[in-house]
Amino acid sequence: MIDFVRTLYRDKSTLENYVLTNEDKFQDVDLILNHRTGEVKYPYRTKVQNVEINITEKFGYTKGSLHKFYNAWKFNDEQNYNDFTYSNLIESLDFLSSNIIDFESTPITQLEVGLNVNIDISPVEFLKQHVLFHDLKGLNLDKNYKGGGKMFQFDYTQYYIKIYDKGKMFKQKENILRFEVKFLSKKMLHKYGVFTLKDLRDKKVLRALFKMLLEKFDEMVIIDEYDTSLMESSDSRLLEKYTNTRFWNHDLKSKSRTTKAKHAKKFKEILEKYNLLTQKKSVKSKLIQKYIYFINN
C-alpha cells in the first residue's frame, strides 16, 4: 500500500558527512567535477538499491519506492506489481534506517499510497469503457505507454490520483489494475498523521491512509455499459448529459452549489436505478480485500 516516498533534510550537513565518510556503504557517489580547476560541485548523488540520496547546495533528500526497494533488495527484481505487506514495509524501513542516517526522523514531503488488484477484464478496457470522472471532474492526463497500457490521472493542488494498467507496465499477463493517490503537500500528510517515515509503522496511521484512498475511490465515477433503449426516455437524456464532461465543467460552472448537488444526486440515483455500478463495487471490494491482506501479513 505504501510506495513512493520523499524525505527532506533541511540541514544537509549530517547526511552529506555520513555519505562521504561511509565508503563501505556508498562506494559510488556521483558528483560534478570541474576538469580545469578540480573543484567539486553539487549535487552529490548515490543510492541504496533504488532509493536515491541527493545532496544539493542547500538541502538533502531521499526518494524512491519502498515497494520496489523491497523487491530489488530481496529478489533482485525492481518492480511493484506484486503484493507488498505490512511486514515487508517494516523490513524495508529497518534496513534503510540502518543504512541512511536519520531516515525515519526526517520529514516526509511526498508519499504515494496505492493498491494493485486483479480484475476480470483488461485494465485498458476498464479505463476506456467505464472510468469517467473523479468527483465529477474530467481527467488531466490520458497516457498510453509501451506494451499497450493506459493511465488516467486527475490533478489537484495537494495531490493527484492515478488509475492505470499496472500489469502491462511490467509485461504481465494478469489484469492488474492500480489505484493510487500521491500526496504533494505536507499539510495534507499531517492531516492523516504522517510526519516522518516512523509514522508509517503505526497501523492506525495506515488505516487512516487506506480510508482516504477508499474515499477517493468512492468519488470516482465508474459506470457499467448500458443500453439507453432499456431506460425511460427522461433518464436516458439525463444520463447522456451527465456522462459528458462539458456539463459539469462548463454548463454548471456559474451555477450554485445547491444546483450542482441536485444534479449529482440525480446522476447517482439513475446509476443505482439501472444497476450501473457493478464494476465499481467489484473493484472497491477487491481494494478492501487487498488492504486487509496487506495489514495482516
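Residues numbered from 1 in each chain as written. Predicted model: local features only at pLDDT ≥ 70, side-chain atom pairs only at ≥ 80, totals over all residues. Heavy atoms only, no water.

**Observations regarding helix H7 (residues 203–218)**
- With 16 residues, H7 ought to run about 22 Å at 1.5 Å a step, and its terminal C-alpha atoms sit 22 Å apart, in line with that.
- Listed in full, the buried residues belonging to H7 are Val205, Leu206, Leu209, Phe210, Met212, Leu213, Leu214, Lys216 and Phe217.
- Residue aspartate 202 occupies the N-cap position of H7, its side-chain oxygen lying 2.8 Å from the main-chain nitrogen of lysine 204. (Helix = DSSP H or I, 4+ residues; strand = E, 2+ residues; numbered from the N terminus. Expected span 1.5 Å × (residues − 1). Buried < 20%, exposed > 50% of the residue type's maximum accessible area, 1.4 Å probe, protein only. Polar contact = N/O pair within 3.5 Å; in protein donor to acceptor, adjacent residues only side chain to side chain.)

**Considering the pairing of strand S8 (residues 141–145)**
- One ladder, built from 5 bridges, connects S8 with strand S9 (residues 149–155); its direction is antiparallel. Across the sheet, the residue bridging to asparagine 144 is lysine 150, located in S9.
- The hairpin formed by S8 and S9 contains 3 residues between the paired strands, and glycine 147 there has a positive phi angle of roughly 95°. (Pairing = 2+ DSSP bridges.)

**What to know about the environment of isoleucine 108**
- On the secondary structure map, isoleucine 108 appears in strand S6 (residues 108–118).
- Relative accessible area serves as the criterion here: at 0%, isoleucine 108 is assigned to the buried category.
- With 69 residues separating them in the primary sequence, isoleucine 108 and leucine 177 have C-alpha atoms 27 Å apart.
- Setting aside residues no more than four positions away along its own chain, isoleucine 108 makes contact with Arg6, Thr7, Lys186, Leu189, Val194, Phe195, Thr196, Leu197 and Leu200. (Contact = heavy atoms within 4.5 Å.)

**A short note on a positive patch on the surface**
- A surface patch of like charges, here positive, comprises Lys203, Lys204, Arg207 and Lys211.
- When you line up the elements, arginine 207 lands in helix H7. (Patch = residues over 30% accessible without salt bridge, like charges linked within 9 Å, V, L, I, M, F, W, Y side chains within 5 Å. Areas by Shrake-Rupley, 256 points an atom, 1.4 Å probe, with all protein chains shown as cover. Salt bridge = Lys/Arg side-chain N within 4 Å of Asp/Glu carboxyl O. Lys, Arg positive; Asp, Glu negative; His and termini not counted. Charge placed at Lys NZ, Arg CZ, Asp CG, Glu CD.)

**Some points on the side chain of histidine 67**
- Looking at the secondary structure, you find histidine 67 in helix H2 (residues 66–75).
- A polar contact is formed between the side chain of histidine 67 and the side chain of asparagine 82, at a distance of 2.7 Å.
- In contact with histidine 67, other than residues within four places in its own chain, are Ile2, Asp3, Gln79, Asn80, Asn82, Asp83, Phe84 and Asn116.

**Considering the pattern of salt bridges**
- Evaluated as defined, the whole model comprises 15 salt bridges.
- Here glutamate 91 makes a salt bridge to lysine 74, at a shortest N to O gap of 3.0 Å. Of this pair, glutamate 91 sits in helix H3 (residues 86–99) while lysine 74 sits in helix H2, placing them 17 residues apart in sequence.
- In this structure glutamate 91 comes out as partly exposed when scored by relative accessible area, which is 29%.
- The class of lysine 74 is partly exposed, set by a relative accessible area of 37%.
- Across the salt bridge formed by glutamate 180 and arginine 178, the nearest N and O atoms sit 2.5 Å from each other.
- With a relative accessible area of 1%, glutamate 180 lands in the buried category.

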